[in-house]
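Descriptive structure summary
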Amino acid sequence: DVKVTQSSRYLVKRTGEKVFLECVQDMDHENMFWYRQDPGLGLRLIYFSYDVKMKEKGDIPEGYSVSREKKERFSLILESASTNQTSMYLCASSLYPGGSDTQYFGPGTRLTVL
Amino acid sequence: AQSVAQPEDQVNVAEGNPLTVKCTYSVSGNPYLFWYVQYPNRGLQFLLKYITGDNLVKGSYGFEAEFNKSQTSFHLKKPSALVSDSALYFCAVRDTASGGYNKLIFGAGTRLAVHP
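Residues numbered from 1 in each chain as written. Chains lettered and ligands numbered in written order. Predicted model: local features only at pLDDT ≥ 70, side-chain atom pairs only at ≥ 80, totals over all residues. Heavy atoms only, no water.

With that settled, consider the interface of chain A and chain B. Tallying the contact residues gives 28 residues for chain A and 22 residues for chain B. Both faces combined, the contact of chain A with chain B buries some 2000 Å², and carbon together with sulfur accounts for 53% of it. Linking chain A with chain B are zero salt bridges, by the criterion used here. Taken together, chain A and chain B are joined by four residue pairs in polar contact (both at pLDDT 80 or more). Broken down by secondary-structure element, the contributors of at least two residues to the side of chain A that touches chain B are β4 (31-38), β5 (42-49) and β9 (87-94) of chain A. (Contact = heavy atoms within 4.5 Å. Buried area = accessible area lost by both parts, 1.4 Å probe. Salt bridge = Lys/Arg side-chain N within 4 Å of Asp/Glu carboxyl O. Polar contact = N/O pair within 3.5 Å; in protein donor to acceptor, adjacent residues only side chain to side chain. Helix = DSSP H or I, 4+ residues; strand = E, 2+ residues; numbered from the N terminus.)

What follows covers the pairing of strand β12 (residues 110-115) of chain B. Residues and elements named next belong to chain B. Bridging between strand β2 (residues 10-14) and β12 involves five bridges; their strand directions are parallel. Bridge pairing in β12 links Gln 10 to Arg 111. Bridge count between strand β10 (residues 87-94) and β12: three bridges; the pairing is antiparallel. Bridging across to β12, Leu 88 finds its partner in Arg 111. (Pairing = 2+ DSSP bridges.)

Glancing now at the pairing of strand β3 (residues 19-25) of chain A. Residues and elements named next belong to chain A. The alternating pattern of β3 places Val 19, Leu 21, Cys 23 and Gln 25 on a buried face, while none of Phe 20, Glu 22 and Val 24, on the opposite face, is buried. Sheet topology note: the strand β1 (residues 4-6)/β3 ladder contains three bridges and is antiparallel. Each bridged residue has a counterpart across the sheet, and for Thr 5 the counterpart in β3 is Val 24. Note that β3 and strand β8 (residues 73-78) share six bridges and pair antiparallel. The residue of β8 that forms the bridge with Val 19 is Leu 78. (Buried < 20%, exposed > 50% of the residue type's maximum accessible area, 1.4 Å probe, protein only.)

Put into structure tokens, the structure is as follows:
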């Protein structure tokens with residue numbers, strides 16, 4: 001089975017702090033994704049990566065950056081956290097870059113910014 | 001613009017009755033369609049997908065979905081609901097404007113409540 005893990009289930013940070021969310025997948029997947037989930041809005045794509053050191057902006061990249069130094073690990077960085085970044089963050093991975101491949105999700109990190 | 005619509009915020013159904021969770025889409029080209037389920041405090045779990053071929057797709061936990069090209073719909077169905085099916089369901093479609101990348105557009109989600 002594909003396993004996608006996220007470093008924290010719950011996280012509380014203060015406004016202005018730098019926040020790192022880590023995601024690791026164990027199936028040698030090429031693609032990795034970061035989404036945020038908000039009630040009534042579904043999932044919105046923040047960034048994705050189709051290869052090591054490669055990244056592409058998603059639909060809502062403002063206020064976020066990412067890092068992919070190794071194939072299995074994809075990090076989401078909030079340079080200066082703000083209260084409007086309070087959300088559930090979901091990481092996903094898929095095997096191939098093609099559009100028919102299934103994305104597999106981690107358990108999520110619920111981030112609260114005070 | 002490409003989009004996915006789940007017209008119902010919540011669906012209520014009695015245990016043992018059939019259930020339907022609706023999804024319509026708008027994309028250019030051939031759609032790749034997905035259903036995911038999210039249980040409380042969990043990530044999304046893949047249920048099924050339509051890529052090509054038979055319009056009726058069977059997936060996990062007894063769920064199936066019917067692709068209807070003329071109505072641009074991909075409704076999720078189950079013949080007999082269980083209380084344990086209560087969860088949040090998301091429909092998604094491949095973003096055909098993403099240059100071949102595996103980008104998905106998600107609906108807002110439908111909460112399914114199955115009552116004993």
